[in-house]
Amino acid sequence: MVLQLNPYLPYPAYIRGIRDEVLDKRPIKTFTIELKDEKLMKNFTFKPGQCVMVGIIGVGEAIFAIASPPNADCIEISVMKMGRVTTALHNCNVGDKVFVRGPIGNGFPVEEWEGKNIVLIAGGIGITPLRSLYYYICDNRGKYGELTFIYGARSSKDLCFKEEIFEIERKEKTCHITIDFEEEGWTRHVGFVPDVLMKVSPSPKNSVAITCGPPIMIRYVIQNLHKLGFKPSQIYTTLEKRMKCGIGKCGRCNIGSLYVCKDGPVFSYETLQKLPEVF
Amino acid sequence: MKALDKANLDKFVELLSEEFNVYSITDTDFSTDFDNNKALEILKPIKSAKEIVFPQTEPLFKFDLVGKEIVVNEKQNSTNLMLWIKPCDVRGINILKKVFEKDVKDVYFANKLNNTIFVGLACNNPSRNCFCTSVSITPYYKEGMDVFATSVNGAIIFEALTEKGKEVLEKVNSLLRDATKDEVEKAKEIHLQAENKVRRYNFNTSRLTWDSDVWRISEICLSCGICTYLCPTCHCFDIIDENYVYEGERIRIWDSCMYSEYTLQASGHNPRAYRLQRLRNRIMHKFVWFKEMFDEYACTGCGRCVSYCPVNISLIEILGGV
Ligand SMILES: Cc1cc2nc3c(=O)[nH]c(=O)nc-3n(C[C@H](O)[C@H](O)[C@H](O)COP(=O)(O)OP(=O)(O)OC[C@H]3O[C@@H](n4cnc5c(N)ncnc54)[C@H](O)[C@@H]3O)c2cc1C
Ligand code: SF4
Ligand code: SF4
Ligand code: FES
């Protein structure tokens, strides 16, 4: 089939649902996208941590982490309104046509992590790939040890997937939600994600920690994970670079000899610490 | 080996043109509008041959802006023939091939490459800024060519290297004669003479470290991108949607890692905001990281970036060759 032969040719798709996550000057919406071709949709398999290029004809494409778990019957992405493509997406209505390329990138090494305790640490919109990962782990609970979930945003209004997060909080023993500053009526943590991580202080024993969020948060989270005794090989994060092709050809997303679009976006800190200019 | 007397050159080009889109060398680039005699004499055009397989602007597909549908029209390309392309430019295409065919195959590149025949010519007169022998090729390097030719006095002698090459020579067979033993000997001599004429440097790539002082040369870089556009191995591109009234095209278009917008993220963050970071990335990519990935340098020694940099930033100097 032509579509599979040409990596630049996207799959026709449409928006099945739109949900407001954050209403702000940088609003975030979650889009439920379905490929037009049912068979393709069924065969669209991916790993948590992989991404899709979503495009609008005449505007262009942008890359987003897949927020839905691999077994869902659709592709969900959460999009912060930033520039041309993201604004065009925010202006879309349910039923509108979009075009999808992917899956792109390596995804989380979920098989390698089997038998281990999992620590998820997310900030802001960085929760999207970890949401996919969380549901994947829920579906394969027997294969993993204990789960710790830490999620933070600037304010309660900036939390993505709010209801789901509170639901996870009810379900899981160790789910910690934090906002940067005090708010009236807020009874959960207050403070930055790296500090809450220290308060929760998960054990590094037989664990892996996966963190995703703004670069500055990632940096401090990694520092603190060190303090808690996590080795670089036990720490994973995802990176963001400007991208176009998504398949290691156009050149712009490199860090040294690695291309974030194809060798990433998931990297262990063991790999990253050897590389120059990671962020 | 076969030979063509230069007196038959016009007839030769004419015969080839009946079957192929024949491109050859002009002062500036490879063109179908070339001078038969001059094309044989010019060493290399300002622009490299990469455009033939990786055009500066290339449509990926068309779309209908009203119905918002993609329109794919698979048109059959006719076969291009690159006449007298030089060893270094063919090497450039060999290097691009590694990039475009690694892991995921780039079909646009692959189709064009598949549709192109390379009739290469050994260099008899390398220029001042050529340094191919310092990056492990020679003025008579043949890899990637279908036919390899050498200009010997009044004749051009040919060696077919592939099936396609044999077919090309078959096409012009009526104009060819057997090369004499003398001519074949003379060609070998010319090859070695040319090899000795190329300036040889003992490059020291170990000086290309992250914190090296060599990157200070970026203080005078204009970020004009000329070095990248002329370079036969630079392959960075942008993808953009170009809209007309009712329809548009998604195109890919050469970009340059020497531009600051190249890596600018939507958040405003830019991992290579400074010229030093960009120059370092370009050179380290070619001589350190590409070497890690493919065990060779992404440089053909063509010297274009040295010859045409408006502020005389010299790759040769950066590499420690004096
Ligand atoms: C691996 C990876 C995963 C990602 N996952 C997600 C995710 O899950 N969710 C998410 O929201 N984002 C994600 N991103 C980021 C997302 O890809 C970018 O926000 C997106 O590419 C921005 O595209 P854009 O077209 O909207 O911005 P662009 O238009 O490309 O914006 C680029 C720059 O141009 C400026 N600009 C934009 N429009 C104009 C204009 N009309 N005139 C002048 N200047 C303009 C912008 O201010 C910006 O500085 C991810 C990125 C990567 C690399
Ligand atoms: S000499 Fe310069 S232009 Fe030529 S291949 Fe090497 S880097 Fe590119
Ligand atoms: S040609 Fe010279 S001035 Fe222009 S970007 Fe390259 S190194 Fe800089
Ligand atoms: S996005 Fe093109 S190389 Fe990574």
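Residues numbered from 1 in each chain as written. Chains lettered and ligands numbered in written order. Predicted model: local features only at pLDDT ≥ 70, side-chain atom pairs only at ≥ 80, totals over all residues. Heavy atoms only, no water.

*Asks:* What is the right way to read the pairing of strand E9 (residues 155-160) of chain B from this model?
*Replies:* Successive side chains on a regular strand alternate, one facing one side of the sheet and the next facing the other. Residue and element names in this part refer to chain B. In the sheet, strand E1 (residues 2-5) pairs with E9 via 4 bridges, with the strands oriented antiparallel. Its bridge partner lying in E9, leucine 4 is registered against isoleucine 156. As defined by bridge partners, strand E8 (residues 147-152) adjoins E9 across 6 bridges and the pair is classed as antiparallel. Looking across to E9, one finds that valine 147 is bridged to alanine 160. Turn length for the E8-E9 hairpin, with the two strands adjacent in sequence and antiparallel, is 2 residues, and the turn residue asparagine 153 shows positive phi of about 45°. (Pairing = 2+ DSSP bridges. Helix = DSSP H or I, 4+ residues; strand = E, 2+ residues; numbered from the N terminus.)

*Asks:* Looking at this model, I keep getting lost on the sheet that holds E9(B). Mind explaining?
*Replies:* Working definition: the strands of a sheet are paired by backbone hydrogen bonds and lie parallel or antiparallel to each other. On the basis of which strands lie adjacent, the open sheet formed by 8 strands has the order E3-E2-E6-E7-E8-E9-E1-E10 (chain B) and mixed pairing. Strand pairing shows two members of the sheet lacking a second neighbour, strand E3 (30-31) and strand E10 (176-178) of chain B, which therefore form its edges.

*Asks:* Whenever I open this one, the site of ligand 3 confuses me. Can you help?
*Replies:* Residue and element names in this part refer to chain B. Neighbouring ligand 3 are Cys221, Leu222, Ser223, Cys224, Gly225, Ile226, Cys227, Met258, Cys309, Pro310, Val311 and Ile313. Judged by its atoms lying within 2 Å of the grid points, ligand 3 is housed in the largest cavity. Here the shell around ligand 3 is built from residues that sort into 10 nonpolar, 2 polar and no charged. (Near = heavy atom within 4 Å. 1 Å grid on protein atoms, 1.4 Å probe; cavity = no way out; pocket = protein on both sides within 12 Å on 5 of 7 lines; lining within 4 Å. Sits in = over half its atoms within 2 Å of the grid points. Nonpolar A, V, L, I, M, F, W, Y, C, P; charged D, E, K, R; others polar.)

*Asks:* It is not clear to me how the site of ligand 2 should be interpreted in this structure. Could you clarify?
*Replies:* Around ligand 2 lies a shell formed by B:Phe131, B:Cys231, B:Pro232, B:Arg282, B:Lys286, B:Cys299, B:Thr300, B:Cys302, B:Gly303, B:Arg304, B:Cys305 and B:Leu315. Counting only elements with at least two residues in the shell around ligand 2, the list comes to helix H8 (275-294) and helix H9 (304-308) of chain B.

*Asks:* Mind showing me how you'd approach the packing of aromatic side chains here?
*Replies:* Aromatic ring pairs are reported here in terms of the distance separating the ring centres and the angle at which the planes meet. As enumerated under the stated definition, the model contains 23 aromatic pairs over all chains in all. Plain terms: the ring middles of B:Phe54 and B:Phe237 are 6.2 Å apart, the flat faces sit at 65° to each other, and that makes the pair edge-to-face. Taken together, the residues span a long stretch of sequence, with B:Phe54 in the loop between helix H2 (36-41) and strand E4 (57-64) and B:Phe237 in strand E11 (residues 237-243) at a distance of 183 residues. In this structure, B:Phe54 and B:Phe237 share a single accessibility class: buried. Ring geometry for B:Tyr229 and B:Trp254: centres 6.1 Å apart, planes at 20°, overall stacked. Of this pair, B:Tyr229 sits in helix H7 (residues 226-230) while B:Trp254 sits in strand E12 (residues 247-254); the two residues are 25 residues apart in sequence, bridging distant segments of the chain. Put simply, the rings of A:Tyr8, B:Phe54, B:Phe100, B:Tyr108, B:Phe109, B:Tyr229, B:Phe237, B:Trp254 and B:Tyr259 pair up and form one aromatic cluster. Sitting above the plane of the A:Trp186 ring, A:Arg188 keeps its charged end 5.5 Å from the centroid. When the ring centre of B:Trp210 is taken as reference, the NZ or CZ atom of B:Arg280 above it lies at 3.6 Å. (Phe/Tyr/Trp six-rings, centres within 6.5 Å; stacked < 30°, edge-to-face > 60°. Buried < 20%, exposed > 50% of the residue type's maximum accessible area, 1.4 Å probe, protein only. Lys NZ or Arg CZ within 6 Å of the ring centre and 35° of its normal.)

*Asks:* Honestly, the pattern of salt bridges in this entry has me stumped. Any pointers?
*Replies:* A side chain with one charge can pair with a side chain of the opposite charge if their charged atoms come near. The full count for this structure, using the stated rule, is 40 salt bridges over all chains. Linking B:Glu58 and B:Lys112 is a salt bridge whose minimum nitrogen-to-oxygen distance equals 2.4 Å. Here B:Glu58, found in strand E4, pairs with B:Lys112, found in helix H4 (residues 107-114); they are 54 residues apart in sequence, far enough to count as distant. B:Glu58 gets classed as buried once you look at its relative accessible area, which sits at 1%. Connected through shared salt-bridge partners, A:Arg19, A:Glu21, A:Glu76, A:Arg131 and A:Glu164 make up one network. (Salt bridge = Lys/Arg side-chain N within 4 Å of Asp/Glu carboxyl O.)

*Asks:* I tried to follow the domain arrangement of chain A on my own but got confused; where do I start?
*Replies:* Interface size is often expressed as the accessible area that is lost when the parts come together. Residues and elements named next belong to chain A. Taken domain by domain, chain A consists of domain 1 (11-104) and domain 2 (117-238). In total, about 1300 Å² of surface goes out of reach between domain 1 and domain 2, with carbon and sulfur atoms giving 57% of it. Linking domain 1 to domain 2 there are 3 salt bridges. Residue glutamate 76 pairs with arginine 131 through a salt bridge whose shortest N-O separation is 3.0 Å. At the boundary of domain 1 and domain 2, one finds 7 residue pairs in polar contact (both at pLDDT 80 or more). Within the residue set of the side of domain 1 that touches domain 2, elements represented by two or more residues are strand E1 (11-22), strand E2 (28-35) and strand E5 (75-80). A total of 4 residues in the side of domain 1 that touches domain 2 trace back to one element, the largest contributor, which is E5. (Domains from an automatic or database assignment. Buried area = accessible area lost by both parts, 1.4 Å probe. Polar contact = N/O pair within 3.5 Å; in protein donor to acceptor, adjacent residues only side chain to side chain.)

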